[in-house]
Amino acid sequence: MTISLNGIGVERTEAIDAEIRDLVIAGWTSRDREALEAHIAELERLGVARPKRVPTFYRVAASLLTTAAEIQVLGGDSSGEAEPVVLRLGDRTWLGVGSDHTDRALERQGVALAKQLCTKPIGRDLWSLDDVLDHWDRLTLRSFAVDGARREPYQEGTLASMRTPDELVRLYAGGDELGPGTAMFCGTLAVRGEIRPAESFEIELEDPVLRRTLRHAYRVRDLPVEE
C-alpha cells in the first residue's frame, strides 16, 4: 500500500509517496525493567497474559497503516497508545509518531489477534532518523485521551526508558537496517491511571534539542456489535 507523507529535514522538506510492504509492532520494548513490569501489570489487570519473551515482534497487515483523522473499530473496547515509528523508505530511515490502537477485549484471547483487528494511525510528518539519534533519549512521547471537552494526559515520558531503534532493528531483522518498505512501531509507555477507550486520541513526539514536535490526532468511531 502507498501513503503520502512529509519528510522534514533540518534544511528542507520533501513529499514522500511511501510504499509500505511490511508493518511490525514491537512490544515490551522498555529497557527499564520496572517500567516494563508496570506495563505488563496494567495489561494483566485486563486479563492479558504475560509475554513469553521480550521484546516481541508482531506482524500485522501493512494495509492497517493510515494517516486518516478517523478510524472505525468494532465495539467500544479499544484504545490507543503513542509510539515512535521507524520507516525504511528507499535508502533512508525516517521517524514518525503513531498509535498502536488495539482491541483490549480481544487482547485477552491473543495479543497478535487484537493488534491485527485495529487500524494503526500515524502522523504524516516524519523526521530523518539520523537527525535525532544522538539525542534519542531526550525525545519525549505524549498522548492525550479526549472525551467531549475533557482532554486528559494519558501517557508521557522520554524515550530513555525504551530500547533504541537500532537495537530493535538488529533484534528483528538481524542486521543494521529494516527491509525496504518496512514500518516498525517501537513500543510505548505505561498509561496514567487505567488503560481506557476515548472518543479521540492525540499523540505527539517532541524533540527539545531541535525544538520541534510531531503530532497526530484521530477520532474513534465505534461500530455496533451484532449478535
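This text goes with the structure placed above it.
The rules behind these values
Residues numbered from 1 in each chain as written. Predicted model: local features only at pLDDT ≥ 70, side-chain atom pairs only at ≥ 80, totals over all residues. Heavy atoms only, no water. Buried < 20%, exposed > 50% of the residue type's maximum accessible area, 1.4 Å probe, protein only. Helix = DSSP H or I, 4+ residues; strand = E, 2+ residues; numbered from the N terminus. Pairing = 2+ DSSP bridges. Salt bridge = Lys/Arg side-chain N within 4 Å of Asp/Glu carboxyl O. Core = buried A, V, L, I, M, F, W, Y, C linked by side-chain atoms within 4.5 Å. Polar contact = N/O pair within 3.5 Å; in protein donor to acceptor, adjacent residues only side chain to side chain. Contact = heavy atoms within 4.5 Å. Axes fitted to C-alpha atoms, helices over the stretch in contact; angles between N-to-C directions.

Participant: Help me out: how do you make sense of the pairing of strand 13 (residues 140–147) in this one?
Facilitator: As a general feature of sheets, a regular strand has side chains that alternate between the two faces. Most of strand 13 is tucked away, with seven of its eight residues classed as buried. In this sheet, strand 14 (residues 150–158) lies alongside strand 13 in antiparallel orientation, the contact comprising eight bridges. By the bridge assignment for strand 14, Ala145 is matched with Glu152. As consecutive antiparallel partners, strand 13 and strand 14 are separated by two residues, and within that stretch Gly148 has a phi angle of approximately 60°, a positive value. Relative to strand 16 (residues 200–207), strand 13 runs antiparallel, the two being bridged by seven bridges. Bridge pairing links Leu141 to Leu205 in strand 16.

Participant: Would you mind showing me how to read the pattern of salt bridges here?
Facilitator: Side chains carrying opposite charge are able to pair once their charged atoms draw close together. In total, this model carries 25 salt bridges according to the counting rule given. Across the pair Arg31 and Asp137 runs a salt bridge whose closest N-O atoms are separated by 2.4 Å. With Arg31 in the loop between strand 3 (22–27) and helix 1 (33–44) and Asp137 in the loop between strand 12 (125–128) and strand 13, this residue pair connects regions lying 106 residues apart in the sequence. According to the relative accessible area criterion, Asp137 is partly exposed, its value standing at 33%. For Lys120, the salt bridge goes to Asp100, with nearest N and O atoms at 2.7 Å. Of this pair, Lys120 sits in strand 11 (residues 120–121) while Asp100 sits in the loop between strand 9 (92–99) and strand 10 (102–103), and the two are 20 residues apart along the sequence. Overall, Lys120 belongs to the buried group, its relative accessible area being 0%. Assessed through its relative accessible area of 0%, Asp100 is described here as buried. Each of Arg142, Glu156, Arg192, Glu204, Glu206 and Arg215 takes part in one network of salt bridges that share partners.

Participant: What should I look at first to understand the environment of Leu133 in this one?
Facilitator: Relative to the helices and strands, Leu133 is located in the loop between strand 12 and strand 13. Classification of Leu133 as partly exposed rests on a relative accessible area of 39%.

Participant: Help me understand the nonpolar core in this model?
Facilitator: In a soluble, globular protein the nonpolar side chains are often hidden away together inside. In this structure, Leu5, Ile20, Leu65, Leu87 and Leu89 are the most contacted members of the largest nonpolar core, which totals 38 residues. Counting residues in hydrophobic clusters, the runner-up holds 23 residues, among them Val132, Leu178, Met184 and Cys186.

Participant: Explain the side chain of Ser78 to me, please; I cannot follow it from the model alone.
Facilitator: Mapped onto the fold, Ser78 is located in strand 7 (residues 78–79). With a relative accessible area of 5%, Ser78 lands in the buried category. Separated by 2.8 Å, the side chains of Ser78 and His101 make a polar contact. Residues within four places of Ser78 in sequence aside, it is in contact with Val73, His101, Thr102, Asp103, Arg104, Cys118, Pro197 and Val220.

Participant: Whenever I open this one, the sheet that holds strand 16 confuses me. Can you help?
Facilitator: Two orientations exist for strands paired in a sheet by backbone hydrogen bonds: parallel and antiparallel. Reading across the sheet, the five strands line up as 6-17-16-13-14 and stay open at both edges, with mixed pairing between neighbours. Two strands close off the open sheet at either side, each with one partner strand: strand 6 (70–74) and strand 14. For this sheet, the mean inter-axis angle between neighbouring strands, taken without regard to orientation, is 25°. Bridge count for strand 6 against strand 17 (residues 212–223) is five bridges, and the pairing is parallel. Across the sheet, Gln72 pairs through a bridge with Arg221, a residue of strand 17.

Take it as geometry only, folks, not as evidence of what the structure does.
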